[in-house]
Structures are given as C-alpha cells and as structure tokens.
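So the chains spell out like this:
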Amino acid sequence: MKLDEKLEPIYQDVLKRNPGETEFHQAVLEVLESLGPVVVKHPEYLERKIIERICEPERQIIFRVPWQDDKGQVHINRGFRVEFNSALGPYKGGLRFHPSVYLGIIKFLGFEQIFKNSLTGLPIGGGKGGSDFDPKGKSDDEIMRFCQSFMTELYRHLGEHTDVPAGDIGVGGREIGYMFGQYKRIVNRWEAGMLTGKGLKWGGSLVRTEATGYGATFFIDEALKVRKDSFKGKTCLVSGSGNVAIYTIEKIHQLGGKCVACSDSGGVIYHEKGLDLDLIKQLKEVERRRIEDYVKYHKDAVYKKNGNIWEIPCQVAMPSATQNEINGKDAALLVKNGCIAVGEGANMPTTPEGVKVFLDAKTAYGPGKAANAGGVATSALEMQQNAQRDSWTFEFTEQKLAAIMSNIHNLCYETSAEYGAPGNYVLGANIAGFIKVADAMVAHGLV
Ligand code: NDP
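Scoring rules and cut-offs
Residues numbered from 1 in each chain as written. Predicted model: local features only at pLDDT ≥ 70, side-chain atom pairs only at ≥ 80, totals over all residues. Heavy atoms only, no water. Near = heavy atom within 4 Å. Polar contact = N/O pair within 3.5 Å; in protein donor to acceptor, adjacent residues only side chain to side chain. Areas by Shrake-Rupley, 256 points an atom, 1.4 Å probe, with all protein chains shown as cover. Helix = DSSP H or I, 4+ residues; strand = E, 2+ residues; numbered from the N terminus. Nonpolar A, V, L, I, M, F, W, Y, C, P; charged D, E, K, R; others polar. Core = buried A, V, L, I, M, F, W, Y, C linked by side-chain atoms within 4.5 Å. Buried < 20%, exposed > 50% of the residue type's maximum accessible area, 1.4 Å probe, protein only. Domains from an automatic or database assignment. Contact = heavy atoms within 4.5 Å. Pairing = 2+ DSSP bridges.

### Points about the site of the ligand
And then number 1: The immediate surroundings of the ligand are formed by 24 residues, with Asp 168, Thr 212, Ser 265, Arg 290 and Asn 347 found nearest.
And then number 2: For the ligand, an oxygen atom lies 2.9 Å from a polar atom in the backbone of Ser 241.
And then number 3: Separating an oxygen atom of the ligand from a backbone N or O atom of Gly 345 is a distance of 3.4 Å.
And then number 4: Contact with the protein chains covers 83% of the free accessible surface of the ligand, which is 890 Å².
And then number 5: Secondary-structure elements contributing two or more residues to the shell around the ligand are α9 (208–226), α10 (243–254) and β7 (258–264).
And then number 6: Partitioning the shell around the ligand into residue classes produces four nonpolar, 14 polar and six charged.

Structure follows, in structure tokens:
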C-alpha cells in the first residue's frame, strides 16, 4: 500500500527523530499506510496532530541493571520501559528478556501494543519493556537476582492504575514471580493488579498461560469460518516452541488440525504424523531443554539444524517465535505450497514483502496486533479478577477469551469491508485500533 501524501512527512519525521530503530520504523509505516482513507474522513486527526502524538511515546525509561552471577562476577544489562499511550487505560504490555533487545525493538512492540489493546475493547493503554539480558543457560538464582535488580529500578514507574507489565519472550511464570516478589517487598503492598501472568496460587488467572496461542487459533478459526472452512484435517506449522507456540499447537489439535512442525532458534522439528505436545511441554516448560532433544524420543521425527520451517508444505501457518521470521520468499513458498491461512501469534513476524505476498494471494492473514491480542485481553481479565478479589473457572475464562477474539475478528473484518477491502485484516486492525485511541486523545485535549 502507498503512503498518503499527507502522512509522508509524518513518517519522514519519525525516521529523523528515531534514527537506527528499524523495527519501530517498520511498525509505524505499516500502520500509517492504512490510515490514508481515515484522515480523509477525519481531518480533525491531522489538525490535532494525533498521528504525530501517537508516534511519540508518552515516556521512555532506560536504566542500568547490575547483577551478580553464581561465581560472583558482576554483569551490567540495560533495562527499558516505554510507556507509549495511556488514552484508553494504564500502560499495558509485556517485558522481553533477549540479547537482541534495544530501544527500537521495545518501541515497535509498544507501538503495536497501543492498537492491539484498543482492539480488545478493554480499558488498557499501550506499553512495552524488557532488557538485553539473556536468560538462556542461567541458574534459577541468577534469574532471581537479575529480576530483583530489574524491579528495584522499574517499580517506581508501575502500579495497577499506572503501568502493568506482563511476560513476553524470555519472561514466563518464574520471572513474573521474582519480579512480583521484589515489587511487593519494596512498596510493602499486596497489589495484585500491578503485574499479570502471575501464578495461579497468588493472583493469576486461569487461561492466561494458554491465552495468546488459544486466541490466535480462535482468530484464524473465525477467518476460516468466513470462508466456510475450518481447522479440521488441516496440516499446520507453528514456529517457536515457547509459550505462544505450545498453546497454539494445543488448540489446533483440539480443533481437529494436525501440527507437523515447530522450532526454536537452533532448528526445526518435523514430525509427519503430528507433534507430540506432551513431550514438547515436558522438554520446554519443565526441563527447559532444546527442541532438538525431541528426536531422542521419536525416531520417526526429523531435526533440521538451522532449518527453515516455512519450506514444509502446510495449509495453515502460525508464526509464533519472533519478529521478521517470514520474509517475502518464505511467504511466496508458503502460498505456492497451498497455505491458505496465516495467524501471527508472534509480533510482526512477517516482513512487509511477506505481508504483500499474503494480501495479494488473498490468504486469510491475521496480523499479530489482532490475532495475538488474546494474551493481553486475558491479562486484562486477570486485572478484573484481581480488582474483584475473585477467580473465575477455566471454562468461563476461555469462553470470554473466545468471545473477545470473535469480536476482534468481526471488528477487523467489518472495518476492512467499510474501507473497501473486505478480508484485509491488516487494514481492518490498523484502522479500527487507531480510531478508538484517536477519539479518546481528541476527547482528552492536548496532553
Ligand atoms: P518464549 O520465550 O516463551 O518463546 C519464544 C520462542 O521463539 C522460543 O522457542 C525461541 O527459541 C523462539 N525465538 C525467540 N527469538 C528467536 C529468534 N531471534 N530466532 C528464532 N527463534 C526465536 O516467548 P513467547 O512464546 O511468549 O513469545 C513468542 C512471540 O509471541 C513473541 O513475538 C512475543 O512478542 C509474542 N507474543 C507473546 C505474548 C505472550 O502472551 N507471551 C502475547 C502476544 C505476543 P529459543 O528458545 O531458541 O530462543
């Protein structure tokens, strides 16, 4: 899609003000490319400089995180929290611990989060944070010391009505536990709603662990229904083997599909008769091992070191690892091999060239900001339960998640149709997510 001439100078300004932050530029451009027809209908957004304001975080915090390893060596990492937009509610978005983290990654994630959170229909603003800390190979004690040091600085910016982080890559239940413990100790307050993804025995919500993967699968199920189709009998690929990937595989299997491959940053597992999810959970969630160990238990499965999962023929692809993992060539190969639906569990896993291939091929393509919104939506449900001092059953919470994903799907679909491109979920998600935030910002005046 071409950038509207009124939006071009805004994008050029973003490039100039945020040098070197390529992932952030990519995320901004993708949204601005959808907004041409919106600013024609709503000139007030331009007059009030809503788009310029949305592209500038309300607050960016960068801090030193010193910690000691088990041998007594001191390490220094960098911590980030970008509080992007609070028009709809407290800043909300996960924390990522991965060596690739720098400001540009956190800003792209925080920017996407604004529109994703808006699409959920729940009262949450957008933010994101993390660190260039690498949790791989660290002992439990090292992880704890790092999390405590991280929270010792970040706590002053958080609060149930201010900023509510959650997990992301490298941050799961263990890390959330250590950070919650340190926050509680510093502020001397049991404030459950200041962090989500908590353990079930201390304020967490059932279905939060499963929510992103289940939600992405529900979204694609809705998109398949529009085409009078379903997951039944479909061969599927799910990249990654972390939180999102595992529960995407689980829900696909429940809906009658067959996942034949998953991966980690080392390589790809292909198991033609269908993945053994219990084994993957044991290897990844319990023993924290590499996915290559899968073939030790299934001699008929194949491990391809540094392999490309997208070369495997499938009908549904669910990228659930990281950003820019599907390029133009991968997308073309997927389409050529018969892929009819792509649901992004990960954030921005498809490059702009790849997105174009899927849109041109009329693939049922669910972009991350819509398809993976189930995670943050269930985080908001966790906050609701915390506020009520209540905890809901698995079935009740899953029904709520399914209803939210169906609403997001329908909102994106209807918006895409209203703007003349029915089924273009990129356009639908960007426009529907944007308008709600923009209207709130207009209502709040120049802040
Ligand atoms: P996890 O840390 O649980 O798992 C990440 C998985 O992706 C691992 O298998 C990891 O392999 C792989 N991976 C990570 N980075 C890379 C890389 N650079 N190259 C290849 N593989 C990589 O994270 P999540 O499952 O929580 O997150 C996955 C994606 O989903 C991310 O894009 C995240 O932003 C997005 N997301 C997550 C949500 C959540 O609720 N957790 C909510 C919404 C979106 P390895 O172990 O080898 O690094």
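### So, the nonpolar core
And then number 1: Of all hydrophobic cores here, the largest spans 51 residues; its most connected members are Phe 219, Ile 220, Ile 249, Leu 275, Ile 280, Tyr 294 and Ile 408.
And then number 2: It is α9 that contributes the most residues to this core, eight residues altogether.
And then number 3: Counting contributing residues, this core receives three or more from each of domain 1 (59–191) and domain 2 (211–366).
And then number 4: Residues contacting Ile 220, with those up to four places away along its chain left out, are Phe 231, Val 316, Met 318, Ala 341, Val 342, Gly 343, Ala 364 and Gly 366.
And then number 5: Val 28, Leu 88, Leu 427 and Ile 435 belong to the second largest nonpolar core, which has 42 residues in total.

### A word on the pairing of strand β8 (residues 267–270)
And then number 1: In the sheet, β7 pairs with β8 via four bridges, with the strands oriented antiparallel. Directly across from Asp 264, in β8, lies its bridge partner Gly 267.
And then number 2: The hairpin formed by β7 and β8 contains two residues between the paired strands.
And then number 3: Relative to strand β9 (residues 302–305), β8 runs antiparallel, the two sharing four bridges. The partner of Gly 267 across the bridge, within β9, is Lys 305.

### A closer look at unusual backbone geometry
And then number 1: The residue Asn 188 is not glycine, and still its phi comes out positive at about 55°.
And then number 2: Here Asn 188 shows up in the loop between α8 (173–187) and α9.
And then number 3: Residue Asn 188 is classed as exposed on the basis of its relative accessible area of 69%.
And then number 4: A positive phi is found at Lys 362, a non-glycine position, where the angle reads about 55°.
And then number 5: Relative to the assigned elements, Lys 362 resides in the loop between α14 (352–360) and β12 (364–366).
And then number 6: Owing to a relative accessible area of 63%, Lys 362 belongs among the exposed residues under this scheme.

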